[in-house]
Amino acid sequence: MNRKRLWIGEAPKDPSLDDIIWQRPAQGPSSLRTKLDPELKMIGAVPPLNRDFLWLSTAVFLADRQTRRPKGWRRTLQVTVPVSAMEDWSNVASDLEATLGFLTSDTWDVDFEATSLAESKAKPVKRPEVDSVSLFSGGADSMCGVLQLLSQGSRVGLVSHWDWSGHAGTQRQLLRELRGLFGDRVVSWQVQLGRGSCQINGRSFPDEATRRSRSLLFLSLGLAVASQGTQSQLWIPENGFTSLNPPLAPERRGALSTRTTHPKFLAGVKKLLKGVGAHADFENPYEQLTKGEMFIEVSGLIGPDQASDLLSMTHSCAHVRLAGSVGYPPGTHCGICFGCLVRRAAFLSSGLQDQTTYLVTELSKRTLAEFLK
């Protein structure tokens, strides 16, 4: 098993596919697809420990992406990450590895080394003053969270992550709608952070489709924004049913049910961040609610017609590239994945009109069998 290593602000002369290189453009090319500088000055003055956490999450996400799963599912993943406080992070390494193992159902081995990053002279962007910070994926749950905060009169900072252009397009459309309704009380950080298809020397990276660790990267971006200046609590809006993600059939037991916002995962992250002294104030405000109950709450806040319009514009489908491959617009939902089924049930239980376009509209055994051939 080869160890993946994140290089910050420098690069080996002949990098292998196990090297992940993140440099400022003036220093040279990177293995990442992002406009974000490694010091994170484009999103503000991020405290060093929360910057460490984002570097760690980036290394974990990219190691996850480029290590294919065997038939037995579980992998052994080894990562070396540069940090500003090596001793502090080393003290929580066992907790970190256990938390990552719960999230991705793999065995993790994480080492830390002192960063050699030479700070640039560029000044960090000043973070706009906001009352609240919330993750904003473009999904229905994140829209519910933002609408609740905005309806309370808050000025809200929305943090979005994307590594596929379809997600970015949905996020931009929703941001336009929100700004049309709430004006400058909507502040946005939309960050592309992913890996290129090739190493800087032209060699193609392998690719793994499951990407269970993306929620860690998304969380670290949110905390990077929330940790600046007068620190804010970060909202992670997700309905409690999806967070627990109970198996709906025997074949979905164990590792085949994702744990991206599971209470145990979030508690593990909070524990290790507090252990190193990083900003760790975050919560899932909908941990005890179903998606349908969240929809009912939004309907009460802004009215059923507007709630139907905004929630129908969101994206919940797990098969993000399926629609385009069969000639439909990229935002079209498949209608039968776990995310689509919970979404459809939420519209039904809340009484809101579902204006979403689904590839499969009739949920019968016959149509499902034909679609899944």
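One numbering rule holds for all chains: residues counted from 1, following each sequence as written. For this predicted model, a pLDDT threshold of at least 70 governs which residues receive local features, and a threshold of 80 or more governs which side-chain atom pairs are given and counted, while totals over whole chains, interfaces and linings are taken from all residues. The side-chain quantities take in all heavy atoms of the structure and omit both hydrogens and water.

It is worth spelling out the overall build of the protein chain at this point. Runs of H or I in DSSP of at least four residues are treated as helices and runs of E of at least two as strands, each being numbered from the N terminus. Within the protein chain, the secondary structure is distributed over 13 helices and 11 strands. Its C-alpha atoms give the protein chain a radius of gyration of 21 Å, near enough to 21 Å, the size a compact globule of 373 residues would have. Across its three principal directions, the C-alpha atoms of the protein chain cover 55 × 50 × 35 Å. Every one of the 373 residues in the protein chain was classed for burial, and the buried ones make up 55%. The size measure is the radius of gyration over C-alpha atoms, and the globule rule it meets is 2.2 Å times the number of residues to the 0.38 power. A 1.4 Å probe rolled over the protein chains alone gives each residue an accessible area, and that area as a share of the maximum for its type sets the label: buried under 20%, exposed over 50%, partly exposed in between.

For the rest of this paragraph, the subject is the sheet that holds strand E1 (residues 4-8). Strand order across the open sheet formed by 4 strands is E2-E1-E4-E5, with parallel pairing between neighbours. Each of the sheet's edge strands pairs with one partner strand only, and the pair in question is strand E2 (19-22) and strand E5 (107-114). If you compare each strand with its neighbour and ignore which way they point, the axes differ by 20° on average. We call two strands paired when DSSP finds no fewer than two bridges between them. Looking at chain direction, E1 and strand E4 (residues 76-83) are connected through 2 bridges and run parallel. Pairing of Lys4 across the sheet is with Val79, part of E4. A fitted line through C-alpha atoms represents every axis, and for helices the fit uses only the stretch in contact; the resulting angles, taken between N-to-C directions, go from 0 to 180 degrees.

Taken together, the 5 strands give an open sheet; going across it, the order is E8-E7-E6-E10-E11, and neighbouring strands pair in parallel fashion. The open sheet has two edge strands, strand E8 (186-192) and strand E11 (282-283), and neither has a second partner. Along the sheet, helix H4 (residues 140-151) makes contact with strand E6 (132-135), strand E7 (156-162), E8 and strand E10 (234-235), crossing E6 at roughly 165°. Only heavy atoms matter for contacts: two residues are in contact if any of them lie within 4.5 Å across the pair. Strand contacts of helix H5 (residues 165-182): E7 and E8, with the helix running at about 170° to E8, the strand carrying the most contacts.

The next point concerns the pairing of E6. Residues Ser132 and Ser134 of E6 are buried on one face, and the alternating residues Val133 and Leu135, pointing to the opposite face, are buried as well. Summarising the sheet, E6 and E7 pair through 4 bridges and their orientation is parallel. Paired with Val133 across the bridge in E7 is Gly157. By convention, a crossover is right-handed whenever its connection, traced from the first strand over the helix to the second and viewed with the strands pointing away, goes clockwise. For the segment spanning E6, H4 and E7, crossover handedness is right-handed. Taken together, the 2 bridges between E6 and E10 define a ladder with parallel strand orientation.

What follows covers the packing of H4 against helix H9 (residues 291-302). It is at 10 Å that the axes of H4 and H9 come closest, and there the two elements cross at 35°. Relative to H9, the crossing made by H4 is left-handed. For the pair H4 and H9, contact is made by Ala140, Asp141, Cys144, Leu147, Gln148 and Ser151 and by Lys291, Met294, Phe295, Glu297, Val298, Leu301 and Ile302, respectively. Three categories are distinguished: nonpolar for Ala, Val, Leu, Ile, Met, Phe, Trp, Tyr, Cys and Pro, charged for Asp, Glu, Lys and Arg, and polar for the others, with Gly belonging to the last. The class makeup of the residues in the contact of H4 with H9 is 8 nonpolar, 2 polar and 3 charged. Working rule for handedness: look at the near helix, and if it is turned counterclockwise from the far one by less than a right angle, call the crossing left-handed; if clockwise, right-handed.

The next subject is the pairing of E2. Alternating residues of E2 divide into Asp19 and Ile21 and Ile20 and Trp22, and every residue in both groups is buried. With 4 bridges connecting them, E1 and E2 associate as parallel partners. From the neighbouring strand, Leu6 faces E2, where its bridge partner is Ile20.

Okay, the packing of H4 against H5 next. Put simply, H4 and H5 touch, their axes get as near as 12 Å, and they point 15° apart. On the basis of their axis angle, the class for H4 and H5 is roughly parallel. Both H4 and H5 take part in a crossing whose hand is right-handed. Facing Met143, Val146, Leu147 and Leu150 of H4, the residues of H5 in contact are Leu174, Leu178 and Phe182. Looking at the contact of H4 with H5 residue by residue, the classes come out as 7 nonpolar, no polar and no charged. Here the angle decides the label: under 35 degrees means roughly parallel, over 145 means roughly antiparallel, 65 to 115 means roughly perpendicular, and every other value means oblique.

Right, let's talk about the pattern of salt bridges for a bit. Any carboxyl oxygen of Asp or Glu that lies within 4 Å of a side-chain nitrogen of Lys or Arg is treated as forming a salt bridge with it. Summed over the entire model, instances satisfying the criterion amount to 16 salt bridges. With its nearest N and O atoms 4.0 Å apart, the salt bridge here joins Glu119 to Lys41. Separated by 78 residues along the polypeptide, Glu119 in the loop between E5 and E6 and Lys41 in the loop between strand E3 (32-33) and helix H1 (48-65) bring together distant segments of the chain. On the basis of relative accessible area, Lys41 is assigned to the buried category, the value being 14%. The partner of Asp106 in a salt bridge is Arg69, and the shortest N-O contact between them spans 2.9 Å.

Any functional reading would require information beyond the geometric quantities listed.
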